[in-house]
Amino acid sequence: MESPRAMKDLAPATLPPGTEIGSWRVLERRGRGNYGAVYLVEQLGDPDAGPFALKLATHPLDPRFDREEELLSCIHHPGVPRLHAHGLWAHPAGPFPYLVMEWVEGQPLYDWGREQHPTSRQVLRLLAHVARALEATHAVGAVHRDVKGDNVLVRTSDGHAILTDFGAGNIRGARTLTAPPLPPGTPSYRSPEAIRFQWGYRSHPTAHYEAQPADDVYALGVTAYQLVTGTYPPPPRVSDTAASHDTESAPGLVSPRLRNPAVCAELDALILRMLAEHPEDRPGGGSADAVASALEHAAEHAGPEADVPLSEPVAPSAARAHGTDLGHAAPAHARAKAAAHTHRACLASPSSSQPAHCGTGWTWLGAAAVALLCLLSAMTSWWVHPVEDEAPPAHALLEPESRDGGTISLGDAAVASPVTILAPVPTFGVPPGLGLPMPKGPFPGQRKPPCNRKGEVELRGGCWYELARVKAPCDDDAYDYKGACYLPSFPVQRPTTSAPADR
């Protein structure tokens, strides 16, 4: 038992190994965010029973933990971490709530996709796992509200997908904890109906959007799109008279198959259906059960095309020469290889059971088709990605997504944050790790002098905000400069409300 002085010196987000929280002993910290920290723990008196994941609040009596405990206690599904215990950690600064859950050793979904180079069939099965976990969540009158790749773990032991971090979730009858109009969530995963609500009720200070199961289904579609293409779909269009001239010029949804031709037709069609603008056009009207059934059916019945890797490893030297992500080859090449492989298999296995078109008389047509497909794939890749090749990959953008270190995510993105309509704030690549060095110049789109906003300072040709009372080493989203921590300042972009100019 720590002395009162020792307890006072313990910070919930940085507990050393050996710290006791109730009947649990900290082994190591595995993740940290603004509202919680995740520790690998063992049970006192029974170290062989674990390990377990302990999620500790960094704010005394944080009501988010009560709601998460209520929600998890209602869900009993193999795709959701099991809740073992909850309580309050006595501390001189006030009691800090904690949850103890099943430890899941695994890899965040997007990391898994970049490193394992899965096929469409594997992706279909993993997405079905997540949809079944959502089905169990919706069945108890709850919604997750923060479905995304960093809140899905691919378990190391069996490759099963586990839906984590219910800190943003809500269950029917729970009181509202966040400011209107939108509930917690990550902006890139907002559904069109949520964006329309925000736009339509922007002048109503008390209007609050009630997330539905269809919102989770849409977010799963965004997750799938990001997983197979490496980029996010365009933001939903706002159906509003005042903004109609803007939405007409807003980019439309590009099929995942056009961005990555290795995506099989079944997976492509289901992603597009999950991303339908209106909930009634999503599978089952936005039903996780219908989504799961459709994904499982596609995984079972898709043809050989579904077994082609969505990306391929490339040699480091080739990647450096071509500026390619070390974990991926160009998707168009994978598609071309798939077509060539199919043709070779057809030619190599002639038998009386083969269809007539596999005969040698069609060989020249098959070769011509492969050559044409390669050409079209290359043209499609160039046409779809002319600008994105110069931008950082989508997974490196500064999104408010928390990593969990292997067990559960922290839900720091699950706070009410304004969604930029039609004009997203510029984002930039952030390397992993603590204490990022100050860049030599401003980021693209960053405000430049004069730095006349309140709190802004000028550093190295850009405008920055110093984080008050925060000293180096900084967290992984801030930049160190002479012992202080800074965040870059970006201009606020608002949708145009004036009428278009006469032509």
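Draft legend 1. A look at the packing of helix H9 (residues 265-274) against helix H10 (residues 288-301). Where H9 contacts H10, the two axes come as close as 10 Å, and the packing angle between them is 170°. When the axis of H9 is compared with that of H10, the two are roughly antiparallel. Counted together, Glu266, Leu270 and Met274 of H9 and Val291, Ala294, Leu295 and Ala298 of H10 form the full contact between these two elements. The class makeup of the residues in the contact of H9 with H10 is six nonpolar, no polar and one charged.

Draft legend 2. Structural view of the nonpolar core. Core analysis: the biggest nonpolar cluster contains 58 residues, and Leu124, Leu220, Leu267, Ile271 and Leu295 have the highest contact counts within it. At ten residues, the largest contribution of residues to this core is made by helix H4 (residues 120-139). Not counting the four nearest positions on each side in its chain, leucine 124 is found in contact with Cys264, Leu267, Leu270, Leu295, Ala298 and Ala299. Val26, Tyr39, Leu56 and Phe96 belong to the second largest nonpolar core, which has 16 residues in total.

Draft legend 3. Structural detail: helix H2 (residues 63-74). An ideal rise of 1.5 Å per residue puts 16 Å on twelve residues; H2 measures up with 17 Å between its terminal C-alpha atoms. Taken together, the buried positions of H2 are occupied by Phe65, Arg67, Glu68, Glu69, Leu71 and Leu72. Of the surrounding secondary structure, the elements contacted by the buried residues of H2 are strand S4 (52-57), strand S5 (83-89), strand S6 (96-102), strand S8 (142-143) and strand S11 (170-171).

Draft legend 4. Representation of the pattern of salt bridges within the structure. What the rule picks out here adds up to 17 salt bridges. A salt bridge links aspartate 62 to arginine 64, with the shortest nitrogen-to-oxygen separation between them at 2.9 Å. Residue aspartate 62 is classed as buried on the basis of its relative accessible area of 4%. One salt bridge in this structure joins glutamate 102 and arginine 82, with 4.0 Å as the shortest N-O distance. Residue glutamate 102 is located in strand S6, and its partner arginine 82 is located in the loop between H2 and S5; the two are separated by 20 residues in the primary sequence. For arginine 82, a relative accessible area of 48% gives the class partly exposed.

Draft legend 5. Region of interest: the sheet that holds strand S10 (residues 161-163). With antiparallel pairing, the three strands of this open sheet are ordered in space as S7-S9-S10. Edge positions in the open sheet fall to strand S7 (106-108) and S10, since each of these has one partner strand only. For this sheet the average axis-to-axis angle between neighbouring strands, irrespective of direction, equals 35°. Pairing between strand S9 (residues 152-155) and S10: three bridges, direction antiparallel. Note that in S10 the partner of valine 154 across the bridge is alanine 161.

Draft legend 6. Local environment of the sheet that holds S5. Taken in spatial order, the six strands make up an open sheet running S1-S2-S3-S4-S6-S5, and their pairing is antiparallel. Strand pairing shows two members of the sheet lacking a second neighbour, strand S1 (20-21) and S5, which therefore form its edges. Here S5 runs beside S6; their pairing, made up of six bridges, is antiparallel. The partner of leucine 88 across the bridge, within S6, is proline 97. Where H2 meets the sheet, it contacts S4, S5 and S6, and its direction lies at approximately 25° from that of S6.

Draft legend 7. The arrangement of the packing of aromatic side chains in detail. In total, this model carries eight aromatic pairs according to the counting rule given. Here a set of aromatic residues connected by ring pairs shows up, and it is made of Phe443, Trp464 and Tyr479. The side chain of lysine 55 reaches across the aromatic face of phenylalanine 65, ending 5.7 Å from its centre.

Draft legend 8. Here's a closer look at the environment of proline 213. With respect to the helices, strands and loops of the structure, proline 213 is situated in helix H6 (residues 213-229). The class for proline 213 is partly exposed, based on a relative accessible area of 28%. Spatially, the C-alpha atoms of proline 213 and alanine 288 are 7.2 Å apart, while their sequence positions differ by 75 residues. Every residue in contact with proline 213, bar those within four places of it in the chain, is listed here: His138, Val143 and Gly286.

Draft legend 9. Expanded view of the environment of leucine 126. The topology assignment puts leucine 126 in helix H4. With relative accessibility at 6%, the residue leucine 126 sits in the buried group. Spatially, the C-alpha atom of leucine 126 lies 9.0 Å from that of isoleucine 162, the residues being 36 residues apart in sequence. When sequence neighbours within four positions are dropped, the list of residues in contact with leucine 126 reads Leu109, Trp112, Val154, Gly159, His160 and Ala161.

Draft legend 10. How the structure looks around the side chain of aspartate 215. Within the secondary structure layout, aspartate 215 lies in helix H6. The side chain of aspartate 215 sits in the buried core without any salt bridge; arginine 282 is the nearest counter-charge, 5.8 Å away. Looking at aspartate 215, its side chain comes within polar contact range of the side chain of tyrosine 209, at 2.9 Å. At 2.8 Å, the side chain of aspartate 215 and the backbone nitrogen of glutamine 212 are in polar contact.

Analysis parameters
- Residues numbered from 1 in each chain as written.
- Predicted model: local features only at pLDDT ≥ 70, side-chain atom pairs only at ≥ 80, totals over all residues.
- Heavy atoms only, no water.
- Axes fitted to C-alpha atoms, helices over the stretch in contact; angles between N-to-C directions.
- Helix = DSSP H or I, 4+ residues; strand = E, 2+ residues; numbered from the N terminus.
- Parallel < 35°, antiparallel > 145°, perpendicular 65-115°, else oblique.
- Contact = heavy atoms within 4.5 Å.
- Nonpolar A, V, L, I, M, F, W, Y, C, P; charged D, E, K, R; others polar.
- Core = buried A, V, L, I, M, F, W, Y, C linked by side-chain atoms within 4.5 Å.
- Buried < 20%, exposed > 50% of the residue type's maximum accessible area, 1.4 Å probe, protein only.
- Expected span 1.5 Å × (residues − 1).
- Salt bridge = Lys/Arg side-chain N within 4 Å of Asp/Glu carboxyl O.
- Pairing = 2+ DSSP bridges.
- Phe/Tyr/Trp six-rings, centres within 6.5 Å; stacked < 30°, edge-to-face > 60°.
- Lys NZ or Arg CZ within 6 Å of the ring centre and 35° of its normal.
- Lys, Arg positive; Asp, Glu negative; His and termini not counted.
- Polar contact = N/O pair within 3.5 Å; in protein donor to acceptor, adjacent residues only side chain to side chain.

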